[in-house]
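The residues making up each chain are set out below.
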Amino acid sequence: MKPTIKRRGFLIIIILFLLFILLNLYKDNVKGFFYDFSSPIQKILWQKGRGISFFFQGLFEMKNLKEEAENLKLRNQELLAEIDRLKEMERENQYLSEALNLQINKDFKLVMAQIVSKDTSQDSLLIDKGQRDGISGGLTVISSSKSLVGKIGSVYKNNSEVILISNKKSNISVKIGGEEINGIIKGQGNYKIIADLIPLDKEIKAGDQVLTTGRDENIPGNLLIGQVDKILKKDISPYQQAEILPFFDPGKTDFLFIITNY
Amino acid sequence: MPKKILLTVLLFYILTLIQTSFLVHFPILGVIPNSILIVVLLINLLEDPKGNLGIASALSGGFFLDVFSQKPIGFYILILVFLAFSIKFIIKRHVRIPTIKNI
């Protein structure tokens, strides 16, 4: 006896449902299998894409280049002066540390990883380091300029997912500006971040730097996150918010660093 | 037909790699167009409503999007298969346009 169309449809739905459950039970294995043999191709595609996008960006922005160069020269001079001042402070700090006999690790223990792909719908990246390289979930990921990129999410045999700070799941405690005003940054998706829970009586301004406090698990303190772009105040809320411009742009880099120990 | 479906699966695998590693560098007004969704829509719109290629493309496109995203496996499959069935239903019942077969 031939099953009716309704029965056949019902059977297909049940088979699909069971298949989804099975695939999700072995999700890490299924994804890991595809990542393993796709990574080499994806690395090439990522680099080519970045190169071509740089080329077009350069063409479109040619007219602004002169003005930008002037601004950068000015900024460079300011930064050189700042470096001199910081070097002096570092020397002082070193003397004080030695005097107090403190064990301060100057650098983190890092593992370098290459970006393989980006999730099209969420703020997450796939990198080419995984369990085999000693990577585990929750580790902090930074860029070459030591700005915070995000945290490790799922880990596969040879690959890992990086949940970017702009991901909606991301919440990190931060300090803002010279006065070190405390707040929390929340990811908004699409590379957007806002700082929340900033007391209303504290004054923040556009351009203030946002740094990590070191209170979150696995995230060292004083890592750069971005700078304040716009301040959002609501009369009814006891806190103010601020839009943050993140320093990290995944489209402009190939390599990231995972802090395995600090 | 199996050869056609196999080619579709291969096409969507390559397209997903291009989408997640190459096209992410070219956002249009801050949005990265989903090429897999576009191709699935086009195949379903242009195919004969009685054909199976549209559903196969939705299944394979959805599967690869799921694999290369943070979502649980099945999320994009369901969305794309639902879309494919909806397009087929609408075209079958309400629209008369020249299909690939007719052309």
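Given the structure is predicted, the values throughout are model-derived calculations rather than measurements. (Residues numbered from 1 in each chain as written. Chains lettered and ligands numbered in written order. Predicted model: local features only at pLDDT ≥ 70, side-chain atom pairs only at ≥ 80, totals over all residues.)

**With respect to the sheet that holds strand β7 (residues 181-189) of chain A**
Pairing between the strands of a sheet comes from backbone hydrogen bonds, and it takes one of two forms, parallel or antiparallel.
Residues and elements named next belong to chain A.
Now for step 1: Read around the barrel, six strands follow the order β6-β7-β8-β11-β10-β9 and close on themselves; strand pairing throughout is antiparallel. Direction aside, the axes of adjacent strands within the sheet are offset by 45 degrees on average.
Now for step 2: Bridge count between strand β9 (residues 209-212) and strand β10 (residues 224-233): three bridges; the pairing is antiparallel. Each bridged residue has a counterpart across the sheet, and for Gln209 the counterpart in β10 is Gln227. (Pairing = 2+ DSSP bridges. Helix = DSSP H or I, 4+ residues; strand = E, 2+ residues; numbered from the N terminus. Axes fitted to C-alpha atoms, helices over the stretch in contact; angles between N-to-C directions.)

**A look at the domain arrangement of chain A**
Now for step 1: Along its sequence, chain A is organised into domain 1 (5-59), domain 2 (63-100) and domain 3 (107-262).
Now for step 2: The distance between the C-alpha centroids of domain 2 of chain A and domain 3 of chain A comes to 23 Å. (Domains from an automatic or database assignment.)

**Topic: the nonpolar core**
Now for step 1: By size, the foremost hydrophobic cluster in this structure holds 42 residues, and its most contacted members are Val149, Val162 and Ile185 of chain A.
Now for step 2: For this core, the leading source of residues is strand β4 (residues 148-155) of chain A, giving four residues.
Now for step 3: In this structure Ile185 of chain A touches Ile165, Ile172, Val174, Ile193, Ala195, Val210, Ile225 and Ile244 of chain A, once residues within four positions along its chain are discounted.
Now for step 4: In this structure, Ala58, Phe64, Tyr76 and Leu80 of chain B belong to the second largest nonpolar core, which totals 20 residues. (Core = buried A, V, L, I, M, F, W, Y, C linked by C-beta atoms within 7 Å. Buried ≥ 20, exposed ≤ 12 C-beta atoms within 10 Å, placed from the backbone. Contact = placed C-beta atoms within 7 Å.)

**Description of the sheet that holds strand β3 (residues 140-142) of chain A**
All names here are of chain A.
Now for step 1: Pairing in this closed barrel of six strands is antiparallel, and the strands run β1-β2-β5-β4-β3-β12 around the ring. Between one strand and the next, the sheet's axes are offset by a mean angle of 45 degrees, whatever the strand orientation.
Now for step 2: With three bridges joining them, β3 and strand β12 (residues 255-261) adopt antiparallel strand pairing. Paired with Ile142 across the strands is Phe257, a residue of β12.

**So, the pairing of β9 of chain A**
Residues and elements named next belong to chain A.
Now for step 1: By the alternation rule, side chains of β9 split into Val210 and Thr212, which are all buried, and Gln209 and Leu211, of which none is buried.
Now for step 2: Relative to β9, strand β6 (residues 171-176) is paired through three bridges, and the arrangement is antiparallel. Looking at the pairing, Lys175 lines up with Leu211 of β9.

**Topic: the interface of chain A and chain B**
Now for step 1: Contacts between the two partners involve 27 residues from chain A and, on the opposite side, 19 residues from chain B.
Now for step 2: For the side of chain A that touches chain B, the secondary-structure elements that each account for two or more residues are α1 (5-25), α2 (27-60) and β1 (109-118) of chain A.
Now for step 3: For the side of chain A that touches chain B, the element with the highest residue contribution is α2 of chain A, accounting for 13 residues.

**Examining unusual backbone geometry**
Leaving glycine aside, a negative phi is the common case for residues, and trans is the common case for peptide bonds.
Now for step 1: Even without being a glycine, Leu197 of chain A presents a positive backbone phi close to 60 degrees.
Now for step 2: Of note, Leu197 of chain A is situated in strand β8 (residues 192-199).

**Considerations on the packing of helix α1 (residues 2-21) of chain B against helix α2 (residues 35-46) of chain B**
Residue and element names in this part refer to chain B.
Now for step 1: At their nearest, the axes of α1 and α2 sit 9 Å apart, and the two run at 145 degrees to each other. Between α1, through Phe12, Leu15, Thr16 and Gln19, and α2, the contact on the second element is made entirely by Ser35, Ile36 and Val39.
Now for step 2: Residues of the contact of α1 with α2, tallied by class, amount to four nonpolar, three polar and no charged. (Nonpolar A, V, L, I, M, F, W, Y, C, P; charged D, E, K, R; others polar.)

**Concerning the packing of helix α3 (residues 53-67) of chain B against helix α4 (residues 75-94) of chain B**
All names here are of chain B.
Now for step 1: It is at 7 Å that the axes of α3 and α4 come closest, and there the two elements cross at 160 degrees. In this view, α3 runs roughly antiparallel relative to α4, as classed from their interaxial angle. Seen along the crossing, α3 lies across α4 with a hand that is right-handed. The segment α3 lies against α4, with Gly54, Ile55, Ala58, Leu59, Gly61, Gly62, Phe63, Leu65 and Asp66 engaging Phe75, Tyr76, Ile77, Ile79, Leu80, Val81, Leu83, Ala84 and Lys88.
Now for step 2: Class assignment of the residues belonging to the contact of α3 with α4 gives a composition of 13 nonpolar, three polar and two charged. (Parallel < 35°, antiparallel > 145°, perpendicular 65-115°, else oblique. Left-handed = near helix turned anticlockwise from the far one by under 90°.)

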